[in-house]
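One letter stands for each residue in the lines below.
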Amino acid sequence: MNIDNAGHKSGLDSAHYRNTVRQSDGELSKYLPGWIEAGYQIMITSDHGMNADKSHGGILPEELDIPLFFIGDCFTHQSSCAPKQTEICGSVCELLGINGHAKPVSENLMIKLPLVAKPSMTVVG
Ligand SMILES: [Zn+2]
């Protein structure tokens, strides 16, 4: 069961929800070292949190405050870095080599672009 389903079934403050998060954390821990070793730039986040009423989509802090992790040598480790939500899309475009996008980019988040060769894409229209 995924984290969202666990939250809808059992609520934010439940052993089921917390254990589902722990299970996902354990699964990620199996893959992250290999991805880091391979030079991948990794972003881990969620599109929303969960409230105690087993739902989301509102304005409660527990629904809006989500994890956001950037792992890789292209990202800064400065604790003062605070990318805006509106800069995530443009920053991912930059990492993927997508040219021609008009999305704002977090200049504080990335310290360089990936060195590995990657196909370049251009946004048209
Ligand atoms: Zn949901």
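Just so it is clear, the model here is predicted, and its values are computed rather than measured.

### Thoughts on helix H2 (residues 15–37)
Line of reasoning, step 1. An ideal rise of 1.5 Å per residue puts 33 Å on 23 residues; H2 measures up with 33 Å between its terminal C-alpha atoms.
Line of reasoning, step 2. The sharpest bend along H2 measures roughly 35 degrees and falls at Tyr31, with the proline Pro33 sitting one to four residues further on.

### Regarding the environment of Leu95
Line of reasoning, step 1. Its location among the elements puts Leu95 in helix H4 (residues 85–96).
Line of reasoning, step 2. Taking C-alpha positions, Leu95 is 14 Å from Asn108, a pair spaced 13 residues apart along the chain.
Line of reasoning, step 3. If we ignore the near neighbours within four places in the chain, the residues touching Leu95 are Gln41, Cys74, Leu113 and Pro114.

### Quick notes on the environment of His48
Line of reasoning, step 1. With respect to the helices and strands, His48 occurs in the loop between strand S1 (42–45) and helix H3 (61–64).
Line of reasoning, step 2. Residue classification places His48 among the partly exposed positions, given that 16 C-beta atoms sit within 10 Å.
Line of reasoning, step 3. For the pair His48 and Ser10, spaced 38 residues apart in sequence, the C-alpha to C-alpha distance is 16 Å.
Line of reasoning, step 4. In this view, His48 contacts His56, Glu63 and Ile66; residues no more than four positions away in its chain are not counted.

### Considering the domain arrangement of the protein chain
Line of reasoning, step 1. Taken domain by domain, the protein chain consists of domain 1 (1–72) and domain 2 (73–125).
Line of reasoning, step 2. On the side of domain 2, eight residues touch domain 1, which itself brings five residues to the contact.
Line of reasoning, step 3. Class assignment for the residues of the side of domain 1 that touches domain 2 results in two nonpolar, three polar and no charged.

### Quick look at the packing of helix H1 (residues 3–10) against H2
Line of reasoning, step 1. One can describe the packing of H1 onto H2 by two numbers: an axis separation of 8 Å at closest approach and a directional angle of 170 degrees. Overall, the two elements H1 and H2 adopt an arrangement that is roughly antiparallel. Residues Ile3, Ala6, Gly7, Lys9 and Ser10 of H1 pack against His16, Tyr17, Thr20, Val21 and Ser24 of H2.
Line of reasoning, step 2. Each residue belonging to the contact of H1 with H2 can be placed in one class, and the counts come to four nonpolar, five polar and one charged.

### Some details on the environment of Ala6
Line of reasoning, step 1. Turning to its location among the elements, Ala6 is positioned in helix H1.
Line of reasoning, step 2. Among the residues examined, Ala6 registers 23 C-beta atoms within 10 Å and is labelled buried.
Line of reasoning, step 3. Along the backbone, Ala6 and His56 are 50 residues apart, and their C-alpha atoms lie at a distance of 13 Å.

About the criteria used
Along each chain, numbering runs from 1 in the same order as the chain's sequence is written. With the structure being a predicted model, the display of local features is reserved for residues of pLDDT at least 70 and the display and counting of side-chain atom pairs for 80 or more, all residues being used for whole-chain, interface and lining totals. Helix and strand definitions follow DSSP, with helices as H or I runs of at least four residues and strands as E runs of at least two, each counted in order from the N terminus. What a helix should span is 1.5 Å times the count of its residues minus one. Note that bend, as reported per residue, equals the angle between axes fitted to the 7 residues terminating at that residue and the 7 residues originating from it. Placing C-beta atoms from the backbone, we regard two residues as in contact once those atoms come within 7 Å. Counting other C-beta atoms within 10 Å of its own, a residue is labelled buried from 20 upward, exposed at 12 or fewer, and partly exposed in the gap between, with every C-beta atom placed from the backbone. Residue ranges assigned to the domains are those given by an automatic or database domain assignment. Classes in brief: Ala, Val, Leu, Ile, Met, Phe, Trp, Tyr, Cys and Pro nonpolar; Asp, Glu, Lys and Arg charged; the others, Gly included, polar. Axis geometry follows a simple rule: fit a line to the C-alpha atoms, using only the stretch in contact for helices, then measure angles between N-to-C directions, giving values from 0 to 180 degrees. Working definition: roughly parallel below 35 degrees, roughly antiparallel above 145 degrees, roughly perpendicular at 65 to 115 degrees, and oblique for all remaining angles.

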